[in-house]
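What follows is each chain in one-letter form.
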Amino acid sequence: MEASAGMQASIETSRVQALEQQVQALEKRLADLEERAPEDRVAIIIFSGDLDRALAAFIIATGAASMGQQVSMFFTFWGLAVLRNGTQFSGKTIPQKMMALMSPGSSKSLPVSKMNYFGAGAKMLRGMMKDKNVNSLEEMIALARELGVRMIACEMSRDLMGIREEEMAAGLECGGVATYLADALKSRTSLFI
Amino acid sequence: MEASAGMQASIETSRVQALEQQVQALEKRLADLEERAPEDRVAIIIFSGDLDRALAAFIIATGAASMGQQVSMFFTFWGLAVLRNGTQFSGKTIPQKMMALMSPGSSKSLPVSKMNYFGAGAKMLRGMMKDKNVNSLEEMIALARELGVRMIACEMSRDLMGIREEEMAAGLECGGVATYLADALKSRTSLFI
Amino acid sequence: MEASAGMQASIETSRVQALEQQVQALEKRLADLEERAPEDRVAIIIFSGDLDRALAAFIIATGAASMGQQVSMFFTFWGLAVLRNGTQFSGKTIPQKMMALMSPGSSKSLPVSKMNYFGAGAKMLRGMMKDKNVNSLEEMIALARELGVRMIACEMSRDLMGIREEEMAAGLECGGVATYLADALKSRTSLFI
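Cut-offs applied
- Residues numbered from 1 in each chain as written.
- Chains lettered and ligands numbered in written order.
- Predicted model: local features only at pLDDT ≥ 70, side-chain atom pairs only at ≥ 80, totals over all residues.
- Heavy atoms only, no water.
- Helix = DSSP H or I, 4+ residues; strand = E, 2+ residues; numbered from the N terminus.
- Contact = heavy atoms within 4.5 Å.
- Least-squares fit on C-alpha atoms with pLDDT ≥ 70 in both.
- Buried area = accessible area lost by both parts, 1.4 Å probe.
- Salt bridge = Lys/Arg side-chain N within 4 Å of Asp/Glu carboxyl O.
- Polar contact = N/O pair within 3.5 Å; in protein donor to acceptor, adjacent residues only side chain to side chain.
- Axes fitted to C-alpha atoms, helices over the stretch in contact; angles between N-to-C directions.
- Parallel < 35°, antiparallel > 145°, perpendicular 65-115°, else oblique.
- Left-handed = near helix turned anticlockwise from the far one by under 90°.
- Nonpolar A, V, L, I, M, F, W, Y, C, P; charged D, E, K, R; others polar.
- Core = buried A, V, L, I, M, F, W, Y, C linked by side-chain atoms within 4.5 Å.
- Buried < 20%, exposed > 50% of the residue type's maximum accessible area, 1.4 Å probe, protein only.
- Expected span 1.5 Å × (residues − 1).
- Pairing = 2+ DSSP bridges.
- Right-handed = clockwise from strand over helix to strand, strands pointing away.

Let's talk about the environment of L147(C)
All names here are of chain C. Structurally, L147 is set in the loop between α5 (137-146) and β3 (150-154). When the C-alpha atoms of L147 and S66 are compared, they prove to be 7.1 Å apart, with 81 residues separating the residues in sequence. The contact partners of L147, leaving out residues within four places of it in the chain, are T62, A65 and S66.

Examining the relation of the copies chain A and chain C
Overlaying chain A on chain C yields an RMSD of 0.1 Å, the required transformation being a rotation through 120 degrees with an accompanying axial translation of 0.0 Å. Both copies are brought into coincidence by an operation consistent with a three-fold rotation axis.

Digging into the interface of chain A and chain C
Listed by partner, the interface residues are 44 residues for chain A and 45 residues for chain C. In total, chain A and chain C occlude about 4,200 Å² of area from one another, counting both sides; carbon and sulfur atoms represent 72% of this. Of all residues in chain A, R36(A), L185(A) and F192(A) bury the most surface against chain C, accounting for 16% of the area lost on that side. Seen at the junction of chain A and chain C, the total is four salt bridges. For K114(C), the salt bridge goes to D50(A), with nearest N and O atoms at 2.4 Å. The tally of links between chain A and chain C comes to ten residue pairs in polar contact (both at pLDDT 80 or more). Of all the elements in the fold, those that place two or more residues in the side of chain A that touches chain C are α1 (2-36), α3 (94-102), α6 (155-161), α7 (177-184) and β5 (189-192) of chain A. Counting residues per element, the side of chain A that touches chain C draws most heavily on α1(A), which supplies 14 residues.

Here's the deal with the packing of helix α2 (residues 51-66) of chain B against helix α7 (residues 177-184) of chain C
Interaxial distance between α2(B) and α7(C) falls to 10 Å at its minimum, and their mutual angle equals 70 degrees. In terms of orientation, α2(B) lies roughly perpendicular with respect to α7(C). When you trace α2(B) past α7(C), the crossing you get is right-handed. For the pair α2(B) and α7(C), contact is made by I59(B), I60(B), G63(B) and A64(B) and by V177(C), Y180(C) and L181(C), respectively. Grouping the amino acids of the contact of α2(B) with α7(C) by side-chain chemistry returns six nonpolar, one polar and no charged.

Some words on the nonpolar core
F58(A), V82(A), F58(B), F58(C) and V82(C) are the most contacted members of the largest nonpolar core, which has 173 residues in total. Discounting chain neighbours no more than four positions away, the residues touching V82(C) are I46(C), S48(C), A54(C), F58(C), F75(C), S107(C), L110(C), L137(C) and I141(C). The next biggest cluster of nonpolar side chains, apart from the first, holds 21 residues, and it includes L19(B), L26(B), L33(C) and A37(C).

Describing the pattern of salt bridges
As enumerated under the stated definition, the model contains 42 salt bridges over all chains in all. The partner of K92(C) in a salt bridge is E167(C), and the shortest N-O contact between them spans 2.6 Å. Of this pair, K92(C) sits in the loop between β2 (70-75) and α3 (94-102) while E167(C) sits in the loop between α6 (155-161) and β4 (173-175); the two residues are 75 residues apart in sequence, bridging distant segments of the chain. Shared partners join several salt bridges into a network, and the residues in it are E39(A), R41(A), R150(A), E173(A) and D183(A).

Some remarks on helix α2 (residues 51-66) of chain A
For α2(A), spanning 16 residues, the distance from its first C-alpha to its last is 22 Å, which sits close to the expected 22 Å at 1.5 Å a residue. At the exit of α2(A) stands G68(A), carrying a positive phi of roughly 90 degrees.

Regarding the pairing of β5(A)
Residues and elements named next belong to chain A. Residues T189 and L191 line one face of β5 and the alternating positions S190 and F192 line the opposite face, and both faces are buried. Sheet topology places strand β1 (residues 41-46) next to β5; four bridges connect them, and they run parallel. The residue of β5 that forms the bridge with V42 is T189.

Describing the interface of chain B and chain C
Accessible area lost upon the coming together of the parts is a frequently used measure of interface size. The interface of chain B with chain C comprises 45 residues on the first partner and 44 residues on the second. The largest per-residue losses of area from chain B upon contact with chain C belong to M115(B), M128(B) and R188(B), which jointly make up 14% of the total buried on that side. Summed over the shared surface of chain B and chain C, the number is four salt bridges. Linking chain B to chain C there are ten residue pairs in polar contact (both at pLDDT 80 or more).

What to know about unusual backbone geometry
The bulk of non-glycine residues show a negative phi, and the bulk of peptide bonds are trans. Backbone geometry at N133(A) places phi at a positive 55 degrees, although glycine is not the residue there. Within the fold, N133(A) resides in the loop between α4 (120-131) and α5 (137-146). Its identity is not glycine, yet F118(C) carries a phi of approximately 55 degrees, on the positive side. For F118(C), the position within the fold is in the loop between α3 and α4 (120-131).

Focus on the pairing of strand β1 (residues 41-46) of chain C
All names here are of chain C. Burial of β1 is extensive: six of the six residues sit out of reach of the surface. Residues R41, A43 and I45 of β1 are buried on one face, and the alternating residues V42, I44 and I46, pointing to the opposite face, are buried as well. Strand direction decides the pairing type here: β1 and β2, joined by six bridges, are parallel. Residue pairing across strands places I45 opposite F74, the latter belonging to β2. Considered for its hand, the β-α-β crossover made up of β1, helix α2 (residues 51-66) and β2 is right-handed.

Written as structure tokens, this is what we have:
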């Protein structure tokens, strides 16, 4: 009996040792996987400077934020216009001036992507939204800020178009493609709008 | 010997206890991770009302469905036109009537996003598809239904444009941004088209 | 004492057995989860044939590749023009010829999505990029190749438009929607541009 108890104990020891190793290996694999798993995060690129697309972006962004997701919106190329705050011409090159002249100076003057007819389409869409008590784009932008949505202006496009910091809305972050990717690669959902 | 077996046993006991705790902790972490892992699911927003983009959306949707993914397509803004079923004017406000007048009444009259030339481009694309025995958009929509692809019409855009249920294809679900996000946040792939 | 050691050992045995089963079950669940977890991978559809959107796609693709992601770019519909290498007319049907005539013959002649004015906009954007020492699209394409970005031309669109292999840049892969989805479903981020 003593002997068998001793032998039993030593069999247990090797099984316990094996288990300890297995559990350690599992922990390592699990930690790896936890690193790789998507976070509660949504990343949206706003490339377009159209009112209708900007609305879609903010509806998704504020919706996701109110569902508990960390949301980042990355404004690039034409999308910078959504967060513009007036236009200045001094200190710009001629192509930059031309681009400034033909781009919307703020969210208020964004066109719609279809049937814009020199702004009539955008005015009509805004009117229809008001009729239905849908928040305006400007109200959605304010709501997004309240909900803690990060808004990042693409440095490279800003630099390219010669848009100065004072031409952009206050309180924006600046960043490049690495800033976007750092968020996007950890996100559940990433959209290009 | 007895003593050492007893001691051994009590050492084992504490090692076994430690293991039990570790395994329990692993189980909790694993269950958390299982919650967070993406499902076999694809979510597509169809914002555009262009024939070429609608085709791309349905090619991806039916492809994913036949690879065993649960697919949801969320039709919003101009994208509603893809699933329209004729146009009615009565009971609409003037802007809603104007929008109805200028929007395609069904998938048959969708324009292409480039070189549309008042419909010639769309007709040409449909002709080229027929020449190559590629399924038409209407056949792809039917295939998507057969494959169990969920098609959801955005309630807010429908309401905004005053599009009635009878103006939409039969058998659609209705939903808002929360419906889309509920699927998108669990998806492997989410696209904005 | 002997008896209690023996009893102790047999209690341990059953606890060890239970643990072994639990660990085995954990391993199975973990392996399942590892299968389902996203890889370090980014998949981008380039549907658009616009210079500005192609630039955005290559900035994201090369950025992701230099951050250690496996990147696939899937060129479809108008996006094929980004990797065109001249235009041939012989052997094409009339609609295919018309489409070839009106589509850019290479990356050099891509329009911009807004304010193109028959190519002036694209020329201006290229000039602004040069002023700021931003890589040209052609340099970005070369960089993407160096970084091992996979570039896949959509077989179906090529066939539809009658674009021959010799009309496309050298060294491209060919594939269909299944090729794209195989990558996209394992990706951290998937975009439709």
